[in-house]
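# Commentary on secondary and tertiary structure
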Amino acid sequence: MTSKPDTAAAARVGVVDQIFGHNKAPLPDVLAADFADLRAEIEALIEEGRGLYKPVTSDDAQLALGRWIVRARALAKKADGIRTDEGRPILEAQRGINGFFKDLLEPLGKAESSLQKLADDFARQKAAEERAKAEAEAKAAREKAEAERIKAEQMKTSDAAARAEGRAELLDAKADAAEERALSSDADLTRMRSEGVTASARQSWDFSIDDEDALYASLGALGPFIAAADVRKAVGAMVRAHKGRTQLPGVRVFPKTTANFRG
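Attention here is on the structure that accompanies the text. Quick caveat, the model's predicted, so the values are computed rather than measured.

Calculation rules
Residues numbered from 1 in each chain as written. Predicted model: local features only at pLDDT ≥ 70, side-chain atom pairs only at ≥ 80, totals over all residues. Heavy atoms only, no water. Pairing = 2+ DSSP bridges. Helix = DSSP H or I, 4+ residues; strand = E, 2+ residues; numbered from the N terminus. Axes fitted to C-alpha atoms, helices over the stretch in contact; angles between N-to-C directions. Expected span 1.5 Å × (residues − 1). Contact = heavy atoms within 4.5 Å. Buried < 20%, exposed > 50% of the residue type's maximum accessible area, 1.4 Å probe, protein only. Parallel < 35°, antiparallel > 145°, perpendicular 65-115°, else oblique. Left-handed = near helix turned anticlockwise from the far one by under 90°. Nonpolar A, V, L, I, M, F, W, Y, C, P; charged D, E, K, R; others polar. Core = buried A, V, L, I, M, F, W, Y, C linked by side-chain atoms within 4.5 Å. Phe/Tyr/Trp six-rings, centres within 6.5 Å; stacked < 30°, edge-to-face > 60°.

## A closer look at the sheet that holds strand β1 (residues 192–194)
Taking strand neighbours across the sheet as the criterion, the three strands line up as β1-β2-β3 in an open arrangement whose pairing is antiparallel. Edge positions in the sheet fall to β1 and β3 (251–262), since each has one partner strand and no second. Across the sheet, the mean angle from the axis of one strand to that of its neighbour is 30°, orientation sign disregarded. Of the pairings in the sheet, the one linking strand β2 (residues 197–209) to β3 comprises twelve bridges and is antiparallel in character. Note that in β3 the partner of A201 across the bridge is A259.

Dropping the structure here:
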């Protein structure tokens, strides 16, 4: 079924157009027209500088370069000031838009985080239960298979012994399948689908810095000069790359199971 277009959204004029007006000339055209004099001033100074581009052989020539450089810096400062003034209304509008949507979405994010935690708890529990169930099934099947083989050895007729051995092989196959399931990923152990939503678990690797002194000591002489946020970012990148094989002094690495939903 094709969803109907949101006519109200389609007809709505964007916030920027409402603030600054729409059906206006393109921004590059406006900038080129409004600051044609500034461009001409910059180009003229650049052209003047080309005449100075030669080896300096006297104090006067050095001072001439200095005067040009001072003027170039002043012109650049002037142009940058104009840029700041012209961009301020747009920057303030952007801040207002970002602030509005931050306030709008923050309660939704908190609600999602709370419910995600409940889903994560269940996903971990379900994965553990399914794995334990598969391990128990495998163990029971192995025990029954061994019992059938003992029966086969005790059977007086070859036909009965063959039947018992056949049952043992089937039980071994069942145990193999259960053991394979026990080794499955958390995603495979917990996957289920209903009403257009697929729920499963996702296992990733997380870390905790339990001994900062040990970690920073391993960074050598540069350690004290690296921001804590950058250190955590680097450790996180290493954990994502090496997973459970990560070895860093003072850092504990562990698997983390979370619920995963797809529509």
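Still more to cover.
## A short note on helix α6 (residues 158–182)
Over its 25 residues, α6 runs 36 Å from end to end, which matches the ideal 36 Å to within 8%, given 1.5 Å per residue. Contact partners of the buried residues in α6: α5 (59–154).

## A look at the side chain of E148
With respect to the helices, strands and loops of the structure, E148 is situated in helix α5. Overall, the relative accessible area of 12% leaves E148 in the buried class. If near-sequence neighbours (up to four positions away) are discounted, E148 is found in contact with A164, R167, A168 and L171.

## A word on the packing of helix α4 (residues 36–50) against α5
Running from N to C, α4 and α5 cross one another at 160°; their axes reach a closest spacing of 11 Å. What the angle tells us is that α4 and α5 run roughly antiparallel. Judged by the twist between their axes, the crossing of α4 over α5 is left-handed. On α5, the residues touching L38, E41, I42, L45, I46, E48 and G49 of α4 are W68, R71, A72, L75, K78, A79 and I82. Residues that form the contact of α4 with α5 fall into these classes: nine nonpolar, one polar and four charged.

## A word on the nonpolar core
Within the largest apolar cluster, six residues are counted, these being F207, L215, V231, V235, V239 and V251. Among the elements that line this core, the one with the most residues is helix α9 (residues 228–242), at three residues. Those residues in contact with L215 that lie beyond four places of it in its chain are I209, V231, V235, P249 and V251.

## What about the packing of aromatic side chains?
Scanning the entire structure with this criterion turns up one aromatic pair. For the ring pair F100 and F101, a centre distance of 5.2 Å and an interplane angle of 90° mean the geometry is edge-to-face.

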